[in-house]
Amino acid sequence: MKRIVVVGAGLAGLRAAEALRRAGFDGAITLLGAEQIGPYDRPALSKQVLTGEKDPADTVYRSDAHFADLRVDLRLGQPATALDLTSRKVGTSDGDLPFDGLIMATGATARLPAVEGKSSPIHRLRTLEDAQALRNALPEHRHVVIIGAGFIGSEIASSARMLGLEVTVLEAAAAPLARVAGRQMGEICAALHREHGTRLICGTRVASIEGGGRVRLADGRIVEGDLVVAGIGAVPETGWLADSGLTVADGLVCDPFLNAGHPAVYAAGDVVRWPNPLFGTSMRTEQWTNAVEQARRAAANLLAGPRGRKPYAGVNYFWSDQYGVRIQSAGIAAADEVRIVGGSPAEFRFLAYYRKGDRLVGAFAMDQPVPLIRSKLLIEARTSWDEALSRVKAGEILA
Ligand code: FAD
């Protein structure tokens with residue numbers, strides 16, 4: 001293999017390129033990015049960048065010198081537009097790029113709500129540009145309405161409260177984060193929002209957004225906001241693969257080795273849908289740690305070839321910072337039982353476990369970073385429920 005092209009100069013693309021070099025690949029590496037800026041830290045966007053604690057320029061992960069040292073040809077502002085697997089070429093606006101090996105890491109794009117009405121612009125938050133626009137807008141407004149109480153919507157709410165704005169969060173589900181953490185944990189997250197003065201309306205849908213950020217709900221209620229932000233999830237960036245012959249179904253469909261259906265083609269990060277052997281289920285996640293770990297595995301598998309490859313079993317780990325509380329989760333929330341095993345939800349400092357059958361399949365924590373990481377290891381080791389509870393009882397998990 002002489003030429004490897006990595007498409008997507010985000011976190012997974014960066015880490016894949018670095019992993020290829022670390023593994024001793026000596027050929028040409030091209031890292032192709034759609035944005036005008038090199039890989040940067042997205043988690044900071046909804047937190048320190050919005051609150052003004054971090055300068056946007058400080059989110060950039062690596063210097064130009066780093067890419068030169070690594071002999072990675074970083075091409076920015078140059079999106080891949082097509083993939084021809086027969087001739088092994090990635091199409092770009094600057095011509096075709098031939099490859100012997102390909103890693104796709106194009107991430108996802110934030111969704112905008114399909115609502116009626118002529119309105120002032122609806123903000124969203126995926127890119128540094130989005131963050132700068134929102135950061136500039138927030139101080140000029142009084143009342144921000146956030147559509148969606150997932151991790152990103154909730155973090156925007158927290159940052160906006162910190163800046164002194166009135167905040168209303170609208171959520172279609174019965175509680176924030178209910179889809180990823182279940183109803184019980186979602187209710188605790190709802191209490192955290194309310195404790196900090198955020199108005200939360202769950203089980204609601206937006207009917208229209210009127211000029212000036214006034215939001216009309218499906219039941220006729222009006223929320224008198226003056227700035228609207230959508231935090232309603234993201235769509236995997238697979239448009240450029242339309243004629244490639246690869247399978248796309250809410251993500252680029254890969255096998256357990258992160259292979260996308262051609263011997264020389266792997267993928268990593270938010271764009272990937274793969275059967276996760278740890279939980280026996282098909283998943284696509286939008287998480288920092290998953291992007292890093294998948295990038296490493298995709299690079300290793302591409303270089304190893306069919307006989308040396310290993311499957312990728314991800315533990316589905318995520319953290320979020322809201323109102324000064326560190327929220328973390330690992331594993332899955334599709335469970336038969338959720339149990340608080342330590343701490344106090346009322347104080348927003350606790351650890352909860354999820355049981356599926358006789359196995360520990362998930363953990364959720366507020367301000368319990370060490371216990372959560374210990375629990376993550378138990379989930380990765382496929383620990384039984386009884387064993388996990390006895391480890392908690394023996395004092396091995398809680399700080
Ligand atoms: P991205 O980081 O999206 O990178 C993909 C890159 O590919 C982009 O730069 C994109 O422009 C580029 N691209 C797309 N299409 C093309 C194309 N056709 N050709 C070339 N390039 C292309 N995770 C956590 O675990 N904890 C957090 O607290 C957390 N906070 C977050 C806050 C925000 C606001 C956001 C947006 C995400 C957050 N995440 C968090 C998620 C985490 O940042 C992502 O999981 C991670 O960035 C995924 O990396 P990626 O490389 O797969 O995708």
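No experiment lies behind these values; they were computed from the predicted model shown.

Reading guide: rules and limits
- Residues numbered from 1 in each chain as written.
- Predicted model: local features only at pLDDT ≥ 70, side-chain atom pairs only at ≥ 80, totals over all residues.
- Heavy atoms only, no water.
- Helix = DSSP H or I, 4+ residues; strand = E, 2+ residues; numbered from the N terminus.
- Buried < 20%, exposed > 50% of the residue type's maximum accessible area, 1.4 Å probe, protein only.
- Contact = heavy atoms within 4.5 Å.
- Pairing = 2+ DSSP bridges.
- Axes fitted to C-alpha atoms, helices over the stretch in contact; angles between N-to-C directions.
- Core = buried A, V, L, I, M, F, W, Y, C linked by side-chain atoms within 4.5 Å.
- Domains from an automatic or database assignment.
- Buried area = accessible area lost by both parts, 1.4 Å probe.
- Salt bridge = Lys/Arg side-chain N within 4 Å of Asp/Glu carboxyl O.
- Polar contact = N/O pair within 3.5 Å; in protein donor to acceptor, adjacent residues only side chain to side chain.
- Expected span 1.5 Å × (residues − 1).
- Bend = angle between axes of the 7 residues up to and from the residue.
- Arc of directions from axis to C-beta.

**Some remarks on the environment of Leu 258**
Point 1. On the secondary structure map, Leu 258 appears in the loop between strand S18 (252-253) and strand S19 (259-262).
Point 2. Exposure remark for Leu 258: the relative accessible area of 0% places this residue in the buried category.
Point 3. Note: C-alpha distance between Leu 258 and Arg 297 (39 residues apart in sequence) is 7.8 Å.
Point 4. Once residues lying within four places of it in the same chain are set aside, the contact partners of Leu 258 are Val 265, Tyr 266, Ala 267, Val 272, Trp 274, Gln 294, Arg 297, Ala 298 and Tyr 312.

**Some points on the sheet that holds strand S1 (residues 3-7)**
Point 1. Ordered in space as S3-S2-S1-S7-S20-S19, the six strands form an open sheet in which the pairing is mixed. The outermost strands of the open sheet, each flanked by one partner alone, are strand S3 (72-75) and S19. The average undirected angle you get between the axes of adjacent strands in this sheet is 20°.
Point 2. Pairing of S1 with strand S7 (residues 101-104), which is carried by four bridges, proceeds in the parallel orientation. For Val 7, the partnering residue across the bridge sits in S7 and is Met 104.
Point 3. The strands that helix H1 (residues 11-22) touches are S1, strand S2 (28-32), S3 and S7; relative to S2, the one it contacts most, it runs at about 175°.
Point 4. Its contacts with the sheet put helix H7 (residues 288-308) on S1, S7 and strand S20 (265-267), and the angle it makes with S7 is roughly 165°.

**Some thoughts on the nonpolar core**
Point 1. Leu 83, Val 90, Met 104, Tyr 353 and Met 366 are the most contacted members of the largest nonpolar core, which has 114 residues in total.
Point 2. The greatest single-element share of this core, amounting to seven residues, is contributed by H1.
Point 3. Leaving out residues up to four positions away in the same chain, Leu 83 has contacts with Lys 89, Val 90, Phe 99, Leu 102, Met 104, Trp 240, Leu 241, Asp 243, Ser 244 and Leu 246.
Point 4. Leu 170, Ile 201, Ile 209 and Val 215 belong to the second largest nonpolar core, which has ten residues in total.

**A look at the domain arrangement of the protein**
Point 1. In terms of domains, the protein is made up of domain 1 (3-109 + 234-304), domain 2 (112-230) and domain 3 (324-393).
Point 2. For domain 1 and domain 2, the distance between their C-alpha centres works out to 30 Å.
Point 3. Taken residue by residue, the interface counts 22 residues in domain 1 and 15 residues in domain 2.
Point 4. A combined buried area of about 1500 Å² lies between domain 1 and domain 2, and 63% of that area is made up of carbon and sulfur atoms.
Point 5. Together, Ser 46, Leu 50 and Thr 51 form the three largest contributors to the area buried by domain 1 at its contact with domain 2, with a combined 38%.
Point 6. Linking domain 1 with domain 2 are two salt bridges, by the criterion used here.
Point 7. A salt bridge links Asp 270 to Arg 126; the nearest nitrogen and oxygen atoms lie 2.9 Å apart.
Point 8. The interface formed by domain 1 and domain 2 contains nine residue pairs in polar contact (both at pLDDT 80 or more).
Point 9. Elements represented by at least two residues in the side of domain 1 that touches domain 2 include exactly helix H2 (45-51) and strand S8 (108-110).
Point 10. No other element matches H2, which puts six residues into the side of domain 1 that touches domain 2.

**Thoughts on the side chain of His 123**
Point 1. Residue position: His 123 is located in strand S9 (residues 122-123).
Point 2. Ignoring sequence-local partners within four residues, the contact set of His 123 consists of Ala 133, Leu 134, Ala 137, Leu 227, Val 228, Val 229 and Ala 230.

**Concerning H7**
Point 1. Over its 21 residues, H7 extends only 26 Å from the first C-alpha to the last, a length that falls short of the 30 Å expected when each residue adds 1.5 Å.
Point 2. The sharpest bend along H7 reaches about 65° and sits at Leu 302, with the proline Pro 306 one to four residues further on.
Point 3. For H7, the complete set of buried residues consists of Thr 289, Asn 290, Ala 291, Val 292, Gln 294, Ala 295, Ala 298, Ala 299, Asn 301, Leu 302 and Gly 305.
Point 4. Packing partners of the buried residues in H7 comprise S1, H1, S7, S20, strand S21 (272-276) and strand S23 (318-322).

**A word on helix H9 (residues 385-393)**
Point 1. All of the buried residues in H9 are Trp 385, Ala 388, Leu 389 and Val 392. The buried side chains of H9 occupy one side of the element, clustering within an arc of 95° when seen end-on.
Point 2. Tucked into the core, H9 has its buried residues touching strand S25 (337-344), strand S26 (349-356), strand S27 (359-366) and helix H8 (369-380).
Point 3. Positive backbone phi, approximately 80°, marks Gly 395, located one or two places after H9.

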